[in-house]
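Structure at a glance
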Amino acid sequence: MSEKNKDINLAKCPRSLDEVDLFAPGAQEYWYESYNFLHEESPVHRIPGEGTSKDTDGFILTKYDDIALVVSNILRFPPPVIEKGGNDDVVSGIDGFPSEKTNELVSTRPFDRDPELMNAMQTSIMSLRPNEELWKAHKRQLTDPWVGPGAHRHTEMITNATNGLIDKWIDKGSVEFISEFTRPLPQIVLANVLGFPIEDIPKHKKWGDAMVMPFVYGQGHRNLLTAEQAEEQKQLLAEFSEYVRDQVADKRENPKEDMITFLTDVVYEPFDRKLTDIEIIGVAYAMTIGGLETTQYALSEQTQILANNHSLYKELQDDREKIRAFIEEALRVRAPTQGLSTRMTTQDETFQGVKMPKGSILHLRYGAANIDADVFECPHEIDMNRKALGRHLTFSQGHRTCPGNGISRLEQLIAWNCLMDRIDKIEYTPETEIKHQPGIMLGTLELKLNFKVN
Ligand code: HEM
(Lines give C-alpha, C1' and ligand atoms only; values in the text may rest on other atoms or scores of the structure.)
Protein backbone atom coordinates (compact mmCIF):
# COMPACT_ATOMS: atom_id res chain seq x y z
CA MET A 1 0.00 0.00 0.00
CA SER A 2 2.88 2.36 0.71
CA GLU A 3 3.69 3.05 -2.96
CA LYS A 4 0.07 3.97 -3.64
CA ASN A 5 0.09 6.23 -0.59
CA LYS A 6 2.99 8.31 -1.80
CA ASP A 7 0.94 11.48 -2.34
CA ILE A 8 -0.82 11.22 1.02
CA ASN A 9 -0.94 14.43 3.09
CA LEU A 10 -0.95 16.92 0.26
CA ALA A 11 -3.98 18.73 1.67
CA LYS A 12 -3.47 21.33 4.40
CA CYS A 13 -5.66 21.98 7.39
CA PRO A 14 -8.58 24.03 5.98
CA ARG A 15 -8.81 27.63 7.15
CA SER A 16 -12.14 28.33 5.52
CA LEU A 17 -15.00 26.49 3.85
CA ASP A 18 -13.42 27.19 0.46
CA GLU A 19 -10.49 25.00 1.43
CA VAL A 20 -12.64 22.05 2.48
CA ASP A 21 -12.44 19.02 0.18
CA LEU A 22 -13.01 15.78 2.07
CA PHE A 23 -11.82 13.71 -0.89
CA ALA A 24 -8.55 15.48 -1.75
CA PRO A 25 -5.31 13.51 -1.20
CA GLY A 26 -4.24 13.98 2.41
CA ALA A 27 -7.59 15.48 3.46
CA GLN A 28 -8.14 12.54 5.82
CA GLU A 29 -5.76 14.13 8.35
CA TYR A 30 -8.11 17.12 8.63
CA TRP A 31 -11.57 15.63 8.35
CA TYR A 32 -12.61 16.68 11.81
CA GLU A 33 -11.43 20.27 11.26
CA SER A 34 -13.38 20.22 7.98
CA TYR A 35 -16.54 19.08 9.75
CA ASN A 36 -16.53 22.28 11.83
CA PHE A 37 -16.76 24.38 8.66
CA LEU A 38 -19.35 22.10 7.10
CA HIS A 39 -21.55 22.10 10.21
CA GLU A 40 -21.32 25.86 10.62
CA GLU A 41 -21.51 27.04 7.03
CA SER A 42 -22.58 24.24 4.69
CA PRO A 43 -24.30 21.33 6.46
CA VAL A 44 -25.63 20.16 3.09
CA HIS A 45 -22.64 20.58 0.79
CA ARG A 46 -23.04 20.35 -2.96
CA ILE A 47 -20.57 18.45 -5.17
CA PRO A 48 -21.41 19.64 -8.68
CA GLY A 49 -21.98 17.07 -11.41
CA GLU A 50 -21.55 14.02 -9.19
CA GLY A 51 -25.09 12.76 -8.91
CA THR A 52 -26.76 9.85 -10.67
CA SER A 53 -26.18 11.42 -14.09
CA LYS A 54 -23.92 14.10 -15.54
CA ASP A 55 -26.49 16.83 -14.94
CA THR A 56 -27.19 15.97 -11.30
CA ASP A 57 -25.14 16.63 -8.20
CA GLY A 58 -23.80 14.92 -5.12
CA PHE A 59 -24.53 16.34 -1.65
CA ILE A 60 -22.55 15.74 1.54
CA LEU A 61 -24.88 15.52 4.53
CA THR A 62 -23.25 16.20 7.90
CA LYS A 63 -26.15 16.81 10.29
CA TYR A 64 -27.30 13.94 12.48
CA ASP A 65 -31.05 14.48 11.96
CA ASP A 66 -30.71 14.68 8.18
CA ILE A 67 -28.78 11.41 7.93
CA ALA A 68 -31.07 9.67 10.44
CA LEU A 69 -34.06 10.70 8.33
CA VAL A 70 -32.45 9.46 5.11
CA VAL A 71 -31.44 6.03 6.41
CA SER A 72 -34.80 5.45 8.05
CA ASN A 73 -36.66 5.95 4.78
CA ILE A 74 -35.47 3.45 2.18
CA LEU A 75 -38.24 4.09 -0.35
CA ARG A 76 -37.71 7.83 -0.43
CA PHE A 77 -33.90 7.50 -0.31
CA PRO A 78 -32.92 4.17 -1.92
CA PRO A 79 -29.39 3.12 -2.92
CA PRO A 80 -28.17 5.02 -6.01
CA VAL A 81 -29.55 3.81 -9.29
CA ILE A 82 -27.56 4.95 -12.27
CA GLU A 83 -28.91 4.76 -15.75
CA LYS A 84 -26.57 3.10 -18.22
CA GLY A 85 -26.57 5.15 -21.36
CA GLY A 86 -30.10 6.29 -20.76
CA ASN A 87 -31.80 2.93 -21.16
CA ASP A 88 -33.45 0.94 -18.41
CA ASP A 89 -30.41 -1.21 -17.71
CA VAL A 90 -29.88 0.06 -14.18
CA VAL A 91 -27.84 -0.99 -11.19
CA SER A 92 -28.02 -0.31 -7.50
CA GLY A 93 -26.37 -1.47 -4.28
CA ILE A 94 -24.32 -0.49 -1.27
CA ASP A 95 -21.35 0.38 -3.45
CA GLY A 96 -23.37 0.97 -6.55
CA PHE A 97 -22.28 3.74 -8.85
CA PRO A 98 -22.00 4.68 -12.47
CA SER A 99 -21.28 1.77 -14.69
CA GLU A 100 -20.54 4.01 -17.60
CA LYS A 101 -17.01 5.32 -18.00
CA THR A 102 -16.44 8.87 -16.83
CA ASN A 103 -13.17 10.01 -18.36
CA GLU A 104 -10.78 7.26 -17.36
CA LEU A 105 -12.70 6.38 -14.22
CA VAL A 106 -14.98 3.38 -14.07
CA SER A 107 -17.57 1.90 -11.80
CA THR A 108 -16.70 0.88 -8.24
CA ARG A 109 -18.86 -2.15 -8.66
CA PRO A 110 -16.64 -5.12 -9.46
CA PHE A 111 -19.70 -7.16 -10.28
CA ASP A 112 -20.50 -4.80 -13.14
CA ARG A 113 -17.34 -6.01 -14.78
CA ASP A 114 -17.20 -9.67 -13.90
CA PRO A 115 -20.05 -11.98 -14.86
CA GLU A 116 -19.35 -14.46 -12.06
CA LEU A 117 -19.30 -11.78 -9.38
CA MET A 118 -22.18 -9.98 -11.01
CA ASN A 119 -24.24 -13.12 -10.66
CA ALA A 120 -23.11 -13.61 -7.08
CA MET A 121 -23.82 -10.10 -5.99
CA GLN A 122 -27.00 -9.68 -7.97
CA THR A 123 -28.47 -12.87 -6.65
CA SER A 124 -27.27 -12.22 -3.15
CA ILE A 125 -28.11 -8.53 -2.88
CA MET A 126 -30.83 -8.01 -5.39
CA SER A 127 -32.60 -11.34 -5.57
CA LEU A 128 -32.22 -12.54 -1.97
CA ARG A 129 -33.12 -9.17 -0.47
CA PRO A 130 -34.57 -6.77 -3.02
CA ASN A 131 -36.99 -5.10 -0.62
CA GLU A 132 -37.29 -4.17 3.03
CA GLU A 133 -39.17 -7.30 4.01
CA LEU A 134 -36.66 -9.66 2.39
CA TRP A 135 -33.80 -7.56 3.71
CA LYS A 136 -35.02 -8.25 7.22
CA ALA A 137 -35.48 -11.95 6.49
CA HIS A 138 -31.96 -12.16 5.02
CA LYS A 139 -30.49 -10.57 8.11
CA ARG A 140 -32.59 -12.49 10.62
CA GLN A 141 -32.12 -15.85 8.99
CA LEU A 142 -28.72 -15.79 7.27
CA THR A 143 -26.42 -13.35 9.05
CA ASP A 144 -27.82 -12.67 12.56
CA PRO A 145 -27.03 -16.17 13.86
CA TRP A 146 -23.36 -15.69 12.94
CA VAL A 147 -22.40 -12.00 13.03
CA GLY A 148 -25.45 -10.33 14.63
CA PRO A 149 -27.08 -11.17 17.97
CA GLY A 150 -25.88 -14.79 17.60
CA ALA A 151 -22.24 -13.68 17.55
CA HIS A 152 -21.85 -14.55 21.27
CA ARG A 153 -21.39 -18.18 20.13
CA HIS A 154 -17.89 -17.06 19.04
CA THR A 155 -16.86 -15.72 22.47
CA GLU A 156 -14.37 -18.47 23.23
CA MET A 157 -12.88 -18.46 19.74
CA ILE A 158 -12.44 -14.66 19.81
CA THR A 159 -10.91 -14.79 23.31
CA ASN A 160 -8.42 -17.46 22.21
CA ALA A 161 -7.57 -15.54 19.04
CA THR A 162 -7.02 -12.35 21.04
CA ASN A 163 -4.78 -13.97 23.63
CA GLY A 164 -2.90 -15.86 20.92
CA LEU A 165 -1.98 -12.56 19.27
CA ILE A 166 -0.98 -10.92 22.55
CA ASP A 167 1.23 -13.94 23.40
CA LYS A 168 3.36 -13.18 20.35
CA TRP A 169 4.59 -9.80 21.59
CA ILE A 170 3.76 -9.52 25.30
CA ASP A 171 7.39 -10.18 26.34
CA LYS A 172 8.83 -7.55 24.02
CA GLY A 173 7.65 -4.32 25.69
CA SER A 174 6.80 -2.71 22.38
CA VAL A 175 4.70 -3.59 19.35
CA GLU A 176 3.51 -2.26 16.00
CA PHE A 177 -0.07 -2.63 17.07
CA ILE A 178 -1.82 -2.64 13.71
CA SER A 179 0.12 -5.41 12.00
CA GLU A 180 0.42 -7.40 15.26
CA PHE A 181 -3.07 -6.97 16.68
CA THR A 182 -5.84 -4.81 15.24
CA ARG A 183 -5.48 -6.11 11.67
CA PRO A 184 -5.02 -9.85 12.31
CA LEU A 185 -7.75 -10.14 14.95
CA PRO A 186 -10.73 -9.50 12.63
CA GLN A 187 -9.02 -11.60 9.95
CA ILE A 188 -8.75 -14.62 12.26
CA VAL A 189 -12.28 -14.10 13.56
CA LEU A 190 -13.83 -13.86 10.10
CA ALA A 191 -11.93 -16.90 8.80
CA ASN A 192 -13.22 -18.90 11.78
CA VAL A 193 -16.78 -17.65 11.41
CA LEU A 194 -16.94 -18.45 7.70
CA GLY A 195 -14.96 -21.67 8.16
CA PHE A 196 -12.07 -20.77 5.87
CA PRO A 197 -8.66 -22.33 6.65
CA ILE A 198 -6.59 -20.04 8.89
CA GLU A 199 -3.50 -20.59 6.72
CA ASP A 200 -5.39 -18.90 3.85
CA ILE A 201 -5.61 -15.58 5.75
CA PRO A 202 -2.94 -13.87 3.59
CA LYS A 203 -5.12 -14.63 0.56
CA HIS A 204 -8.25 -13.33 2.33
CA LYS A 205 -6.33 -10.16 3.14
CA LYS A 206 -5.35 -9.71 -0.51
CA TRP A 207 -8.96 -10.20 -1.64
CA GLY A 208 -10.33 -8.03 1.17
CA ASP A 209 -7.96 -5.25 0.07
CA ALA A 210 -9.21 -5.65 -3.48
CA MET A 211 -12.82 -5.35 -2.35
CA VAL A 212 -12.23 -2.13 -0.45
CA MET A 213 -9.91 -0.69 -3.12
CA PRO A 214 -12.55 1.85 -4.23
CA PHE A 215 -13.08 3.00 -0.65
CA VAL A 216 -9.33 3.58 -0.19
CA TYR A 217 -7.98 4.55 -3.61
CA GLY A 218 -11.20 5.50 -5.39
CA GLN A 219 -11.63 9.10 -6.48
CA GLY A 220 -14.23 11.50 -5.15
CA HIS A 221 -17.29 10.66 -3.14
CA ARG A 222 -18.31 8.01 -5.67
CA ASN A 223 -15.01 6.16 -5.10
CA LEU A 224 -14.27 5.75 -8.82
CA LEU A 225 -11.35 3.57 -9.88
CA THR A 226 -9.07 4.02 -12.88
CA ALA A 227 -9.39 1.42 -15.62
CA GLU A 228 -6.07 -0.09 -14.50
CA GLN A 229 -7.15 -0.34 -10.86
CA ALA A 230 -10.48 -1.80 -11.92
CA GLU A 231 -8.75 -4.48 -13.97
CA GLU A 232 -6.47 -5.39 -11.05
CA GLN A 233 -9.48 -5.59 -8.77
CA LYS A 234 -11.43 -7.69 -11.21
CA GLN A 235 -8.72 -10.31 -11.41
CA LEU A 236 -8.31 -10.56 -7.65
CA LEU A 237 -12.04 -10.85 -7.09
CA ALA A 238 -12.32 -13.58 -9.70
CA GLU A 239 -9.81 -15.53 -7.59
CA PHE A 240 -11.94 -14.89 -4.49
CA SER A 241 -15.03 -16.12 -6.24
CA GLU A 242 -13.30 -19.31 -7.34
CA TYR A 243 -11.90 -19.85 -3.85
CA VAL A 244 -15.32 -19.55 -2.19
CA ARG A 245 -16.84 -21.86 -4.80
CA ASP A 246 -14.24 -24.51 -3.90
CA GLN A 247 -14.89 -23.97 -0.20
CA VAL A 248 -18.63 -24.37 -0.74
CA ALA A 249 -18.07 -27.63 -2.66
CA ASP A 250 -15.88 -28.88 0.18
CA LYS A 251 -18.42 -27.92 2.87
CA ARG A 252 -21.17 -29.73 0.98
CA GLU A 253 -18.99 -32.87 1.10
CA ASN A 254 -17.54 -32.35 4.58
CA PRO A 255 -19.92 -30.22 6.64
CA LYS A 256 -18.46 -28.36 9.63
CA GLU A 257 -19.74 -26.00 12.33
CA ASP A 258 -19.32 -22.78 10.36
CA MET A 259 -21.27 -20.13 8.50
CA ILE A 260 -20.51 -21.41 4.98
CA THR A 261 -21.65 -24.93 5.91
CA PHE A 262 -24.79 -23.38 7.42
CA LEU A 263 -25.43 -21.45 4.20
CA THR A 264 -25.12 -24.62 2.11
CA ASP A 265 -27.85 -26.25 4.17
CA VAL A 266 -30.29 -23.56 5.30
CA VAL A 267 -33.70 -23.33 3.65
CA TYR A 268 -34.21 -19.63 2.98
CA GLU A 269 -37.72 -19.16 4.26
CA PRO A 270 -39.01 -16.44 1.92
CA PHE A 271 -38.13 -18.63 -1.11
CA ASP A 272 -38.63 -22.00 0.58
CA ARG A 273 -35.43 -23.34 -0.97
CA LYS A 274 -31.72 -23.74 -0.29
CA LEU A 275 -29.17 -21.19 -1.51
CA THR A 276 -27.23 -21.66 -4.72
CA ASP A 277 -23.41 -21.53 -4.83
CA ILE A 278 -23.53 -18.12 -6.39
CA GLU A 279 -25.78 -16.79 -3.62
CA ILE A 280 -23.40 -18.14 -0.98
CA ILE A 281 -20.45 -16.48 -2.74
CA GLY A 282 -22.43 -13.22 -2.57
CA VAL A 283 -22.98 -13.53 1.17
CA ALA A 284 -19.30 -14.40 1.71
CA TYR A 285 -18.35 -11.34 -0.36
CA ALA A 286 -20.56 -9.09 1.78
CA MET A 287 -19.11 -10.53 5.00
CA THR A 288 -15.55 -10.04 3.76
CA ILE A 289 -15.97 -6.50 2.46
CA GLY A 290 -17.86 -5.44 5.59
CA GLY A 291 -16.02 -7.44 8.20
CA LEU A 292 -12.27 -7.23 7.68
CA GLU A 293 -11.05 -3.67 7.98
CA THR A 294 -13.80 -1.85 9.84
CA THR A 295 -13.16 -3.52 13.20
CA GLN A 296 -9.42 -3.02 12.68
CA TYR A 297 -10.00 0.71 12.35
CA ALA A 298 -12.28 0.83 15.39
CA LEU A 299 -9.68 -0.88 17.59
CA SER A 300 -6.87 1.28 16.20
CA GLU A 301 -8.73 4.51 17.00
CA GLN A 302 -9.67 3.29 20.49
CA THR A 303 -6.00 2.51 21.12
CA GLN A 304 -5.05 6.07 20.23
CA ILE A 305 -7.67 7.48 22.60
CA LEU A 306 -6.30 5.31 25.43
CA ALA A 307 -2.62 5.90 24.64
CA ASN A 308 -3.37 9.60 25.09
CA ASN A 309 -5.29 9.12 28.32
CA HIS A 310 -3.72 6.86 30.92
CA SER A 311 -6.26 7.65 33.62
CA LEU A 312 -9.08 6.56 31.31
CA TYR A 313 -7.23 3.31 30.60
CA LYS A 314 -6.87 2.74 34.36
CA GLU A 315 -10.52 3.58 34.99
CA LEU A 316 -11.64 0.98 32.42
CA GLN A 317 -9.15 -1.56 33.68
CA ASP A 318 -10.48 -1.17 37.22
CA ASP A 319 -14.14 -1.19 36.21
CA ARG A 320 -14.66 -3.44 33.21
CA GLU A 321 -18.37 -2.68 33.13
CA LYS A 322 -17.42 0.66 31.62
CA ILE A 323 -15.70 -0.82 28.58
CA ARG A 324 -18.95 -1.14 26.63
CA ALA A 325 -19.70 2.55 27.14
CA PHE A 326 -16.15 3.48 26.14
CA ILE A 327 -16.45 1.45 22.94
CA GLU A 328 -19.72 3.19 21.99
CA GLU A 329 -18.23 6.61 22.63
CA ALA A 330 -15.07 5.77 20.69
CA LEU A 331 -17.17 4.46 17.80
CA ARG A 332 -19.04 7.76 17.90
CA VAL A 333 -16.11 10.18 17.95
CA ARG A 334 -13.95 8.15 15.57
CA ALA A 335 -16.31 6.37 13.17
CA PRO A 336 -14.36 3.84 11.05
CA THR A 337 -16.73 4.34 8.11
CA GLN A 338 -16.62 8.11 7.91
CA GLY A 339 -18.96 8.43 4.96
CA LEU A 340 -20.74 6.47 2.24
CA SER A 341 -22.57 7.64 -0.88
CA THR A 342 -25.18 4.96 -0.59
CA ARG A 343 -28.47 6.81 -0.99
CA MET A 344 -30.14 8.97 -3.66
CA THR A 345 -33.14 11.28 -3.85
CA THR A 346 -36.25 10.06 -5.69
CA GLN A 347 -38.02 13.43 -5.52
CA ASP A 348 -36.97 17.03 -5.05
CA GLU A 349 -35.88 17.54 -1.43
CA THR A 350 -34.88 20.52 0.70
CA PHE A 351 -32.58 19.92 3.67
CA GLN A 352 -31.21 22.79 5.77
CA GLY A 353 -32.61 25.19 3.17
CA VAL A 354 -30.62 23.55 0.37
CA LYS A 355 -32.51 22.14 -2.60
CA MET A 356 -31.50 18.63 -3.65
CA PRO A 357 -33.27 17.73 -6.90
CA LYS A 358 -34.44 14.24 -7.76
CA GLY A 359 -31.49 12.07 -8.84
CA SER A 360 -28.96 13.57 -6.41
CA ILE A 361 -26.54 11.19 -4.70
CA LEU A 362 -26.30 11.66 -0.95
CA HIS A 363 -22.93 11.19 0.72
CA LEU A 364 -23.87 10.33 4.31
CA ARG A 365 -21.05 11.60 6.49
CA TYR A 366 -21.56 9.44 9.56
CA GLY A 367 -18.31 10.67 11.15
CA ALA A 368 -19.56 14.28 11.09
CA ALA A 369 -23.12 13.48 12.20
CA ASN A 370 -21.70 11.74 15.27
CA ILE A 371 -20.17 14.98 16.49
CA ASP A 372 -23.15 17.20 15.68
CA ALA A 373 -23.31 19.62 18.62
CA ASP A 374 -27.08 19.97 18.18
CA VAL A 375 -27.42 16.35 19.26
CA PHE A 376 -24.35 15.55 21.38
CA GLU A 377 -23.32 17.92 24.16
CA CYS A 378 -19.53 18.49 24.17
CA PRO A 379 -19.47 16.28 21.09
CA HIS A 380 -15.74 15.55 21.00
CA GLU A 381 -15.61 14.35 24.59
CA ILE A 382 -15.68 10.67 25.55
CA ASP A 383 -18.51 10.74 28.08
CA MET A 384 -19.36 7.27 29.29
CA ASN A 385 -22.40 8.60 31.16
CA ARG A 386 -23.92 10.07 28.03
CA LYS A 387 -27.62 9.31 27.65
CA ALA A 388 -28.52 6.88 24.86
CA LEU A 389 -25.01 5.58 24.25
CA GLY A 390 -25.04 3.79 20.94
CA ARG A 391 -27.27 6.45 19.37
CA HIS A 392 -24.40 7.26 17.02
CA LEU A 393 -24.66 6.57 13.30
CA THR A 394 -21.44 4.59 13.00
CA PHE A 395 -23.29 1.42 11.95
CA SER A 396 -25.99 3.51 10.23
CA GLN A 397 -29.59 3.02 11.37
CA GLY A 398 -32.87 1.66 10.07
CA HIS A 399 -33.41 -1.64 8.40
CA ARG A 400 -30.05 -1.55 6.60
CA THR A 401 -28.08 -1.10 9.81
CA CYS A 402 -24.75 -2.90 9.58
CA PRO A 403 -25.56 -6.59 10.03
CA GLY A 404 -22.08 -7.25 11.49
CA ASN A 405 -22.32 -4.76 14.35
CA GLY A 406 -22.87 -7.58 16.89
CA ILE A 407 -19.65 -9.43 16.17
CA SER A 408 -17.67 -6.22 15.80
CA ARG A 409 -18.82 -4.91 19.19
CA LEU A 410 -18.08 -8.31 20.76
CA GLU A 411 -14.57 -8.39 19.28
CA GLN A 412 -13.85 -4.92 20.63
CA LEU A 413 -15.16 -5.86 24.08
CA ILE A 414 -13.12 -9.05 24.27
CA ALA A 415 -10.03 -7.33 22.87
CA TRP A 416 -10.01 -4.65 25.57
CA ASN A 417 -10.79 -7.10 28.36
CA CYS A 418 -7.93 -9.39 27.33
CA LEU A 419 -5.53 -6.48 26.82
CA MET A 420 -6.39 -4.99 30.21
CA ASP A 421 -5.95 -8.38 31.88
CA ARG A 422 -2.34 -8.39 30.76
CA ILE A 423 -1.23 -4.80 30.14
CA ASP A 424 -1.23 -1.90 32.59
CA LYS A 425 -0.32 0.97 30.34
CA ILE A 426 0.08 1.73 26.65
CA GLU A 427 1.89 4.73 25.25
CA TYR A 428 3.36 6.02 22.03
CA THR A 429 7.05 5.47 21.28
CA PRO A 430 9.22 8.47 20.33
CA GLU A 431 8.93 7.32 16.67
CA THR A 432 5.14 7.02 16.63
CA GLU A 433 3.69 9.02 13.78
CA ILE A 434 -0.05 8.83 13.17
CA LYS A 435 -1.06 8.90 9.51
CA HIS A 436 -4.28 7.74 7.93
CA GLN A 437 -4.98 6.07 4.61
CA PRO A 438 -6.87 8.01 1.94
CA GLY A 439 -10.46 7.24 0.97
CA ILE A 440 -13.57 7.26 3.12
CA MET A 441 -12.47 5.01 6.00
CA LEU A 442 -10.62 6.25 9.10
CA GLY A 443 -7.71 3.83 8.74
CA THR A 444 -4.51 4.44 10.71
CA LEU A 445 -1.50 3.13 8.80
CA GLU A 446 0.90 2.34 11.65
CA LEU A 447 0.78 2.48 15.44
CA LYS A 448 4.02 1.91 17.35
CA LEU A 449 3.42 1.43 21.06
CA ASN A 450 5.37 0.78 24.22
CA PHE A 451 3.50 -1.01 26.98
CA LYS A 452 3.90 -2.12 30.58
CA VAL A 453 2.68 -5.58 31.54
CA ASN A 454 0.76 -6.21 34.77
C1 HEM B 1 -16.69 -1.16 13.48
C2 HEM B 1 -17.05 -2.01 12.54
C3 HEM B 1 -18.06 -1.74 11.46
C4 HEM B 1 -18.57 -0.54 11.01
C5 HEM B 1 -18.21 0.86 11.49
C6 HEM B 1 -19.53 -0.84 9.96
C7 HEM B 1 -20.28 0.12 9.31
C8 HEM B 1 -21.22 -0.14 8.35
C9 HEM B 1 -22.04 0.84 7.69
C10 HEM B 1 -22.02 2.34 7.97
C11 HEM B 1 -22.81 0.21 6.79
C12 HEM B 1 -23.79 0.86 5.81
C13 HEM B 1 -25.23 0.72 6.24
C14 HEM B 1 -26.16 1.56 5.38
O15 HEM B 1 -25.96 1.69 4.18
O16 HEM B 1 -27.11 2.13 5.93
C17 HEM B 1 -22.47 -1.19 6.86
C18 HEM B 1 -23.01 -2.18 6.07
C19 HEM B 1 -22.62 -3.48 6.11
N20 HEM B 1 -21.77 -4.09 7.02
FE21 HEM B 1 -20.76 -3.17 8.47
N22 HEM B 1 -19.55 -2.19 9.78
C23 HEM B 1 -18.69 -2.78 10.67
C24 HEM B 1 -18.44 -4.13 10.83
C25 HEM B 1 -18.97 -5.13 10.05
C26 HEM B 1 -18.72 -6.52 10.18
C27 HEM B 1 -17.82 -7.13 11.26
C28 HEM B 1 -19.41 -7.16 9.20
C29 HEM B 1 -19.51 -8.61 8.85
C30 HEM B 1 -19.04 -9.60 9.54
C31 HEM B 1 -20.13 -6.15 8.45
C32 HEM B 1 -20.94 -6.37 7.36
C33 HEM B 1 -21.67 -5.41 6.72
C34 HEM B 1 -22.49 -5.69 5.55
C35 HEM B 1 -22.68 -7.05 4.87
C36 HEM B 1 -23.09 -4.48 5.18
C37 HEM B 1 -23.99 -4.25 3.99
C38 HEM B 1 -25.38 -4.15 4.37
C39 HEM B 1 -26.09 -3.67 3.14
O40 HEM B 1 -25.82 -4.21 2.07
O41 HEM B 1 -26.86 -2.73 3.26
N42 HEM B 1 -19.83 -4.92 8.99
N43 HEM B 1 -21.52 -1.38 7.84
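Before reading on, note that the structure itself is shown above.
Presented here is a report on the structure given in the accompanying data block. (Residues numbered from 1 in each chain as written. Predicted model: local features only at pLDDT ≥ 70, side-chain atom pairs only at ≥ 80, totals over all residues.)

**Considering the overall build of the chain**
To keep it simple, the criterion reads: Counting from the N terminus, the helices are the DSSP runs of H or I reaching at least four residues and the strands are the DSSP runs of E reaching at least two. Any residue surrounded by 20 or more other C-beta atoms within 10 Å of its C-beta is treated as buried, while 12 or fewer makes it exposed and the intermediate range makes it partly exposed; C-beta atoms here are placed from the backbone.
Summing up its helical and strand segments, the chain has 16 helices and 15 strands in all. Here the chain holds 454 residues, and the buried ones make up 46% of them.

**Quick look at helix H8 (residues 201-217)**
Helical periodicity: at 3.6 residues per turn, an α-helix aligns residues three or four positions apart in one direction. Filter applied, for reference: Between the first and last residue of a helix there are one fewer steps than residues, each counted as 1.5 Å, and that sum is the expected span. A residue's bend is given by the angle between axes fitted to the 7 residues ending at it and the 7 residues starting at it. Residue pairs qualify as contacts under a 7 Å threshold applied to their C-beta atoms, which are placed from the backbone.
The end-to-end C-alpha distance of H8, which contains 17 residues, comes to 22 Å, matching closely the 24 Å that a straight helix rising 1.5 Å per residue would cover. Within H8, the axis deviates most sharply at Met 211, by approximately 50°, and proline Pro 214 lies no more than four positions further along. Taken together, the buried positions of H8 are occupied by His 204, Trp 207, Gly 208, Ala 210, Met 211, Val 212, Met 213, Pro 214, Phe 215 and Tyr 217. In this structure, the buried residues of H8 make contact with helix H7 (184-194), strand E7 (225-226), helix H9 (227-253), helix H11 (277-291) and helix H12 (293-307).

**Observations concerning the nonpolar core**
The following threshold applies: Throughout this description, the term nonpolar core refers to a group of buried Ala, Val, Leu, Ile, Met, Phe, Trp, Tyr and Cys residues whose C-beta atoms join them within 7 Å.
Counting residues in each nonpolar core, the largest one holds 102 residues, and the members touching the most others are Leu 61, Ile 67, Leu 194, Ile 280, Ala 284 and Leu 362. No other element matches H11, which puts eight residues into this core. Not counting the four nearest positions on each side in its chain, Ile 67 is found in contact with Leu 61, Leu 364, Tyr 366, Ala 369 and Leu 393.

**So, the sheet that holds strand E15 (residues 448-453)**
Just so we agree on the cut-off: Note on pairing: DSSP must find at least two bridges between two strands before they are called paired. Between the N-to-C directions of two axes lies an angle of 0 to 180 degrees, each axis being a line fitted to C-alpha atoms and, for a helix, fitted only over the stretch in contact.
One open sheet accounts for three strands, arranged E6-E15-E14; its pairing is antiparallel. At either end of the open sheet lies a strand with only one pairing partner, and these are strand E6 (174-176) and strand E14 (423-428). In this sheet, neighbouring strand axes are inclined to one another by 30° on average, regardless of whether the strands run parallel or antiparallel. As defined by bridge partners, E6 adjoins E15 across three bridges and the pair is classed as antiparallel. What sits directly across from Val 175, in E15, is Leu 449.

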